[in-house]
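As a plain string of letters, each chain reads:
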Amino acid sequence: MQALFLSKSGRRGLVSAFKCLNCYNTKSATPPILGPDLPDVWFLSPPARACFRPLFINSEEQVAAVIDGKSMADEIRLEIADEVRRMKDTLGKVPGLAVVLVGERRDSQIYVRNKIKACEEVGITSLMAALPEDCSEAEVVDTVSGFNDNPSVHGILVQLPLPQHMDEEKILNAVSLEKDVDGFHPLNMGNLAMSGREPLFIPCTPKGCIELLLRSGIEIMGKKAVVIGRSNIVGTPTSLLLQRHHATVSIVHAFTKNPELITREADIVVSAAGVPNLVRGSWLKPGAIVIDVGINPVEDSSCEYGYRLIGDVCYEEALPVVSAITPVPGGVGPMTIAMLLSNTLESAKRSYGFIQQF
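These numbers were taken from a predicted model, which means no experiment stands behind them. (Residues numbered from 1 in each chain as written. Predicted model: local features only at pLDDT ≥ 70, side-chain atom pairs only at ≥ 80, totals over all residues. Heavy atoms only, no water.)

A. Main features of the overall build of the chain. Helix and strand counts for the chain stand at eleven helices and 13 strands. Relative to its full complement of 358 residues, the chain shows a buried share of 47%. In the chain, of all internal contacts separated by at least 6 residues, the share reaching a separation of at least 24 is 70%. Counting every atom, the chain has about 18,200 Å² of accessible surface; 53% of that belongs to carbon and sulfur. (Helix = DSSP H or I, 4+ residues; strand = E, 2+ residues; numbered from the N terminus. Buried < 20%, exposed > 50% of the residue type's maximum accessible area, 1.4 Å probe, protein only. Contact = heavy atoms within 4.5 Å. Areas by Shrake-Rupley, 256 points an atom, 1.4 Å probe, with all protein chains shown as cover.)

B. Layout of the side chain of D182. Take D182: it is sitting in the loop between α5 (168-173) and α6 (186-193). The buried charged residue D182 lacks any salt bridge, with K115 as its nearest oppositely charged partner at 5.9 Å. Excluding its chain neighbours within four sequence positions, the residues that come into contact with D182 are L157, V158, P203 and C204. (Lys, Arg positive; Asp, Glu negative; His and termini not counted. Salt bridge = Lys/Arg side-chain N within 4 Å of Asp/Glu carboxyl O.)

C. The arrangement of the pattern of salt bridges in detail. Applying the stated criterion across every chain, the model contains 14 salt bridges. With a closest N to O distance of 3.0 Å, D300 and R308 form a salt bridge. One network of salt bridges, with partners in common, ties together E75, E79, E211 and R215.

D. Spotlight on the sheet that holds strand β8 (residues 248-252). The strand order β3-β13-β10-β9-β7-β8 describes an open sheet built from six strands, whose pairing is parallel. The two strands at the open ends of the sheet, each matched to only one other strand, are β3 (65-66) and β8. As paired strands, strand β9 (residues 268-271) and strand β10 (residues 289-292) are joined by four bridges and run parallel to one another. Within the sheet, the bridge partner assigned to V269 lies in β10 and is V290. (Pairing = 2+ DSSP bridges.)

E. Layout of the nonpolar core. Counting residues in each nonpolar core, the largest one holds 51 residues, and the members touching the most others are I67, L97, L213, L242, V270 and I291. With nine residues, helix α11 (residues 332-352) is the single largest residue contributor to this core. In contact with I291, other than residues within four places in its own chain, are I67, C209, L212, L213, V269, V270, S271, T326 and V332. Of all hydrophobic cores here, the second largest spans 21 residues; its members include A64, A254, V279 and V313. (Core = buried A, V, L, I, M, F, W, Y, C linked by side-chain atoms within 4.5 Å.)

F. Structural view of empty space enclosed by the protein. Within the structure shown, the criterion is met by one cavity of 30 Å³ or more. In this structure, the largest cavity encloses a volume near 40 Å³. As for the largest cavity, its lining consists of I156, L157, V158, L172, V175, D180, D182 and F184. Counting residues per element, the lining of the largest cavity draws most heavily on strand β6 (residues 155-158), at three residues. Per-class residue counts for the lining of the largest cavity are six nonpolar, no polar and two charged. (1 Å grid on protein atoms, 1.4 Å probe; cavity = no way out; pocket = protein on both sides within 12 Å on 5 of 7 lines; lining within 4 Å. Points joined across faces, edges and corners; volume = space filled by probe spheres on them. Nonpolar A, V, L, I, M, F, W, Y, C, P; charged D, E, K, R; others polar.)

G. Just the packing of helix α2 (residues 69-91) against α11, in detail. Axis separation between α2 and α11 bottoms out at 9 Å; the angle between their running directions is 20 degrees. Between α2 and α11, the crossing angle belongs to the class labelled roughly parallel. Judged by the sense of rotation from one axis to the other, the crossing of α2 with α11 is left-handed. Residues G69, K70, M72, A73, I76, R77, I80, E83, V84, M87 and L91 of α2 form the contact with α11, whose own contacting residues are P334, M335, I337, A338, M339, L341, S342, L345, A348, K349 and Y352. Broken down by class, the residue content of the contact of α2 with α11 amounts to 16 nonpolar, two polar and four charged. (Axes fitted to C-alpha atoms, helices over the stretch in contact; angles between N-to-C directions. Parallel < 35°, antiparallel > 145°, perpendicular 65-115°, else oblique. Left-handed = near helix turned anticlockwise from the far one by under 90°.)

H. Seen up close, helix α3 (residues 106-122). The end-to-end C-alpha distance of α3 is 25 Å, a good match for the 24 Å that 17 residues give at a rise of 1.5 Å each. Within the sequence span of α3, burial applies to S108, V112, K115, I116, A118, C119 and V122. Angularly, the buried residues of α3 cover 155 degrees about the axis, an arc narrow enough to put them on a single face. Looking at α3, the residues exposed on the side facing more than 90 degrees away from the buried face are R106, R113 and E120. As for α3, its buried residues are in contact with α2, β4 (96-102), β5 (125-131), β6 and α11. (Expected span 1.5 Å × (residues − 1). Arc of directions from axis to C-beta.)

I. Local environment of the pairing of β10. Side chains of β10 alternate between two faces, with I289 and I291 and V290 and D292 buried alike. Examined bridge by bridge, β10 and strand β13 (residues 324-325) share two bridges and lie parallel to one another. Paired with I289 across the bridge in β13 is A324.

J. Representation of the side chain of N343. With respect to the secondary-structure elements, N343 resides in helix α11. Judged by its relative accessible area of 2%, N343 is buried. Only 3.1 Å separates the side chain of N343 from the backbone oxygen of I202, close enough to count as a polar contact. Discounting chain neighbours no more than four positions away, the residues touching N343 are V181, F201, I202, C204 and K207. (Polar contact = N/O pair within 3.5 Å; in protein donor to acceptor, adjacent residues only side chain to side chain.)

Interpretation note: all reported values are geometric properties and have no functional meaning in isolation.
So this is what it looks like as structure tokens:
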């Protein structure tokens, strides 16, 4: 098999993974209770090959329904805008979201700009702190602390990724639990994982994935679900949410043997690996529901910016096989921003003592 190397860091991660595995497999070594901390470096064979016709096709050649995340997100944003207006009319106050951006990554700047624009459209006040790439970790923590102490700020978002010299965990943990609208605080994640407990906030992308299923009228209870990818941001919390809805959940990751065989058994597939066209048509069960979280830029000289966005799932192959699928772009992405706005609104309502809708 050939490895897919996206960057120097990916190659370093692979070398690190093999070193860890060698230590882990040594007979004299005692495996750690929590297991070795190995980075997910995916293998493709062959990598980045062109899409092909699937090995099987629906007998009626029926094309899948497209789950329109943009339309659903627009509906949610209208609901949020209406409630923000009611809050302003009743209390003279509106929700506030603060964004911390470190460095000048173009993609991060675009994401932040889109979030601020979305806030403006629904009436949420937005604040942004832009810090230079070479700023210190302490400066970022101080900025977060300032927003923690600001009563007009109800949600704080630290745009990821952070520069390599910073401790991401330390900075995210500096965000007040009550303002953790990204849902990354350990207590929010822990409560999500424990039956009978409720987190203050659910991570935005996983929350958006479940909203897509629920608003599409797709039954989750009792279904077999496969989540591809196990990140703290998407894969792990999505699997926990699906379990909350009583699905039988399997997680596929870079070290899973025969991932296509496991995925092919799923009624619901959520792919969040970040690998373009990883999931082929032959991976999918006829009639399955596919939520594609991947947003992967690939070179395309015919496009305005020299690239286009594709998902983890080979869309052309999936269409004749599955019953419903999210497009990329226009699927999960808009829902993620809508859930961020929703979490910010809920935080403001909680802060002002208005838990129920007005």
